[in-house]
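Chain residues, written in single-letter form:
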Amino acid sequence: MKYICLGYIDSNTFASCSDAEANSMMDSCFAYDDQLRAKGHFKGGEALQPPSTAMTLRYANGRVVATDGPFAETREQLGGILILEARDLNHAVELISKHPGAKFGPWEIRPAADLSEMMRQSEARRRQAGKPQG
Amino acid sequence: MSEPPTDEIRTRLDAVFRAESRRILATLIRLLGGFDTAEDAMHDAFNAALQRWPVEGVPTNPRAWLISTARFKAIDAIRRRARFDASQDDIADALHGGEPAPAAGDDELPDDRLKLIFTCCHPALAPEARAALTLREVCGLTTEEIARAFLTSAPTIAQRIVRAKAKIRDERIPYQVPSGAELPERLAAVTAVVYLLFNEGYAASSGPSLTRAELSAEAIRLGRVLLELLPEPEVIGLVALMLLHESRRPARIGADGELVLLERQDRSTWNHAFIREGIALVERALSTRRFGPYTLQAAIAAVHSEARTPEATDWRQICALYAALLAMQPSPVVELNRAVAIAMHEGPAAGLALIDALLTRGELRDYHLAHSARADLLRRLGRRDEARAAYERARALAKSEPEMRFLEKRLCELV
């Protein structure tokens, strides 16, 4: 099964440590990602630039309003996402609990939703709507 | 010679995983000393097989190959980590044991699976965690499948399993089959988990019926493994009991989803292969003369199974078996069942007197089956108003939908 793992990080974590410490943190994370990749568990992932680079879009009063900054102003911000292939939820928990990133902030693990049936129904509805009347 | 295509290897490997992964895992936990390390190493070994079998061919003993590959993969992983932490080197050496590489097949001990079962059902673990852990580690179900079977969420089950594993690790629960004086009590904890799984799937009142039937099938499969590894009388009795109950599943639910009582079931739809096997096991368990409550309950079920029609039931024998069960395991519910059997054997008045006495004692006052049994006897004695009151009391206390509908129907029939 596919699990989307959201890794959160305290934005002060990196500010308060030395270059050597930051390097060793990153090295351990990359090394573990490589291990996951070698075993076929790593199905994709991206690190995110800091929350200060974020834009948030919101629909209000009939139009989209864009604001700068992240969706929520909290100490712990989304730092990256990882798409994990695991046998089941406990397997995913086990794989992520060994991720060195878990030392720096919480991870949220959620199964990917299978929308294929919903999409099939939606396509049928749209085909129906496109048909000429009468 | 041409290499077998990878698709074929993948199919083959899937089959090996389904058939052998639990035995492999059980052995690896013993060899590597931890659930997570073992599971990890096992997945590594299956990955390695996917790459190497197309080139090297499928080994003669795939299970032994996977166990020894997993073991070396685990040692490799520990060595890799040891680059950062010198103390881990000792562990890798200890795992190697300094011995020559074992011949294929030597790694596995016959009772590894039994060790796994006893560990998953250890009394130090929370009872609901035992069931979840057993289903995942011994039966190979996924967290999501277990959650569906127990009608709960996957994170709830996942957390139970994570906590149970942490407890096994932190309290150093030994990975072994208990022996001597400890065995009967520990075995009782194991059979209780198996029977709980069976009943979850059998007596369940809600949820998609298919999933529930699979849970009972899983309990029977587990019972058979236990029977093969540890043929103690109560294990034999438990498997017999499950088979005899399971034999009636097709007859137990009517076309409209209603519960159908034993006396009204279409006996031709019973699973007669299960009945034959169940009866043979009951006889085997009884002949040991060391049997317990599961065997006696199975013997009662067997007497019902042997009757071609409800009228042909040997109620005298059933009364005697209930008396023996009551002596071994005193309980008001067993007393209630015995009272119903006596009503069948000696007439409704004799049964009613026993049920009234039981209800006066108070323990079963809020137990809907006591009131519905009483109602049934009153109905047979022609005391309609009292029967109606008792059915209504039962309906008010019933918790499951099919049971409420069943009692509703009985009330209507009374008019």
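A quick note: this is a predicted structure, and the numbers were derived from the prediction, not measured. Residue positions are given per chain, counting from 1 as you read along its sequence in written order. A letter from A marks each chain and a number from 1 marks each ligand, given out in the order of writing. For this predicted model, a pLDDT threshold of at least 70 governs which residues receive local features, and a threshold of 80 or more governs which side-chain atom pairs are given and counted, while totals over whole chains, interfaces and linings are taken from all residues.

> Just checking my understanding: could you explain the overall build of chain A for this structure?
If you tally the helices and strands in chain A, you get 4 helices and 6 strands. Mapped in sequence order, the helices and strands of chain A form the string β-α-α-β-β-β-β-α-β-α. At 20 Å, chain A has a C-alpha radius of gyration far larger than the 14 Å of a compact globule built from 134 residues. Principal axes of the C-alpha set define a box for chain A whose edges measure 75 × 40 × 20 Å. Residues with at least 20 neighbouring C-beta atoms inside 10 Å of their own are called buried, those with 12 or fewer are called exposed, and the rest are partly exposed, where every C-beta is derived from the backbone. By the burial criterion, 17% of the 134 residues in chain A qualify as buried. Here contacts are defined at the residue level, using C-beta atoms placed from the backbone and a cut-off of 7 Å between them. When contacts within chain A are restricted to residue pairs at least 6 apart in sequence, those whose partners lie at least 24 apart make up 77%. Strands are runs of DSSP state E lasting at least two residues, helices are runs of H or I lasting at least four, and both sets are numbered from the N terminus onward. Only the C-alpha atoms count toward the radius of gyration. The rule for a globule is 2.2 Å times the residue count to the power 0.38.

> Mind showing me how you'd approach helix α17 (residues 348-361) of chain B here?
For an α-helix, 3.6 residues make a turn, and residues three or four places apart therefore share a direction. Residues and elements named next belong to chain B. Its 14 residues give α17 an end-to-end C-alpha distance of 20 Å, which sits within 8% of 20 Å, the value for a rise of 1.5 Å per residue. What α17 keeps buried is the set Gly 351, Leu 352, Ile 355 and Leu 358. For α17, the arc enclosing every buried residue in end-on projection is 125 degrees, short of the 170-degree limit, so these residues lie on one face. Along α17, exposed side chains directed more than 90 degrees from the buried face belong to Ala 349, Ala 357, Thr 360 and Arg 361. Elements that come into contact with the buried residues of α17 comprise α16 (332-346) and α18 (368-380). By definition here, a helix of n residues has an expected span of 1.5 Å times n minus one. Summarising the geometry, the arc corresponds to the directions from the helix axis toward the C-beta atoms.

> In this structure, what is going on with the interface of chain A and chain B? I would like to understand it.
Reports of interface size often rely on the accessible area that becomes lost once the parts have come together. Every contact between the two is made by 8 residues of chain A and, on the other side, 12 residues of chain B. When residues are sorted by character, Ala, Val, Leu, Ile, Met, Phe, Trp, Tyr, Cys and Pro go into the nonpolar class, Asp, Glu, Lys and Arg into the charged class, and all the rest, Gly among them, into the polar class. Classifying every residue of the side of chain A that touches chain B by side-chain character gives 2 nonpolar, 2 polar and 4 charged.

> Teacher, can you tell me more about the packing of helix α19 (residues 384-397) of chain B against helix α20 (residues 401-413) of chain B here?
A pair of packed helices can be characterised by two numbers: the angle between their axes and the separation between those axes. All names here are of chain B. Orientation is described by lines fitted to C-alpha atoms, with helices fitted over the stretch in contact, and by angles between N-to-C directions that extend from 0 to 180 degrees. Contact geometry for α19 and α20: axes closest at 9 Å, N-to-C directions at 165 degrees. Classified by the angle between their axes, α19 and α20 sit roughly antiparallel to one another. For the crossing formed where α19 meets α20, the hand is left-handed. Of the residues in α20, those touching α19 at Arg 388, Tyr 391, Ala 394 and Arg 395 are Met 404, Leu 407, Glu 408, Arg 410 and Leu 411. Its residues placed into classes, the contact of α19 with α20 shows 5 nonpolar, no polar and 4 charged. Note on angle classes: values under 35 degrees are labelled roughly parallel, values over 145 roughly antiparallel, values of 65 to 115 roughly perpendicular, and the remainder oblique. Should the near helix be turned counterclockwise from the far one by less than a right angle, the crossing is left-handed, whereas a clockwise turn marks it as right-handed.

> Explain helix α1 (residues 6-32) of chain B here, please?
Residues and elements named next belong to chain B. Between the first and last C-alpha of α1 there are merely 30 Å, a value that for 27 residues lags more than 12% behind the 39 Å anticipated at 1.5 Å per step. Here the bend at a residue is taken as the angle between two axes, fitted respectively to the seven residues that end there and the seven that start there. A maximum bend of about 60 degrees is found in α1 at Glu 20. Every buried residue of α1 is accounted for by Ile 9, Ile 24, Leu 25, Ala 26, Thr 27, Leu 28, Ile 29, Leu 31 and Leu 32. Two residues or fewer past α1, Gly 33 is found with a positive phi of approximately 80 degrees.

> Would you explain the sheet that holds strand β5 (residues 76-85) of chain A in this entry?
What links the strands of a sheet is backbone hydrogen bonding, and the strands pair in either a parallel or an antiparallel sense. Residue and element names in this part refer to chain A. Here, any two strands with at least 2 DSSP bridges between them count as paired. If you walk across this open sheet you meet the 4 strands as β2-β5-β1-β6, and the pairing is antiparallel. The open sheet has two free edges, formed respectively by β2 (42-47) and β6 (107-111), since each of these has just one partner strand. On average, each strand axis in the sheet is inclined to that of its neighbour by 20 degrees, with strand direction left out of account. Lying over the sheet, helix α3 (residues 89-97) contacts β1 (2-10), β5 and β6, oriented at roughly 155 degrees with respect to β6.

> I tried to follow the domain arrangement of chain B on my own but got confused; where do I start?
Along its sequence, chain B is carved into domain 1 (6-96) and domain 2 (333-415). Where a domain begins and ends is set by an automatic assignment or by a domain database. For domain 1 of chain B versus domain 2 of chain B, the separation of C-alpha centres amounts to 58 Å.

> Would you mind showing me how to read unusual backbone geometry here?
Residues and elements named next belong to chain B. Positive phi values are uncommon outside glycine, yet Leu 151 reaches one of about 55 degrees. With respect to the helices and strands, Leu 151 occurs in the loop between α7 (143-149) and α8 (154-170). Here Leu 151 falls in the partly exposed class, since 13 other C-beta atoms lie within 10 Å of it. Here the phi dihedral of Arg 289 falls at roughly 60 degrees; this positive angle occurs in a residue that is not glycine. Topologically, Arg 289 is positioned in the loop between α13 (272-287) and α14 (293-306). Note on Arg 289: 7 C-beta atoms within 10 Å, which makes it exposed.

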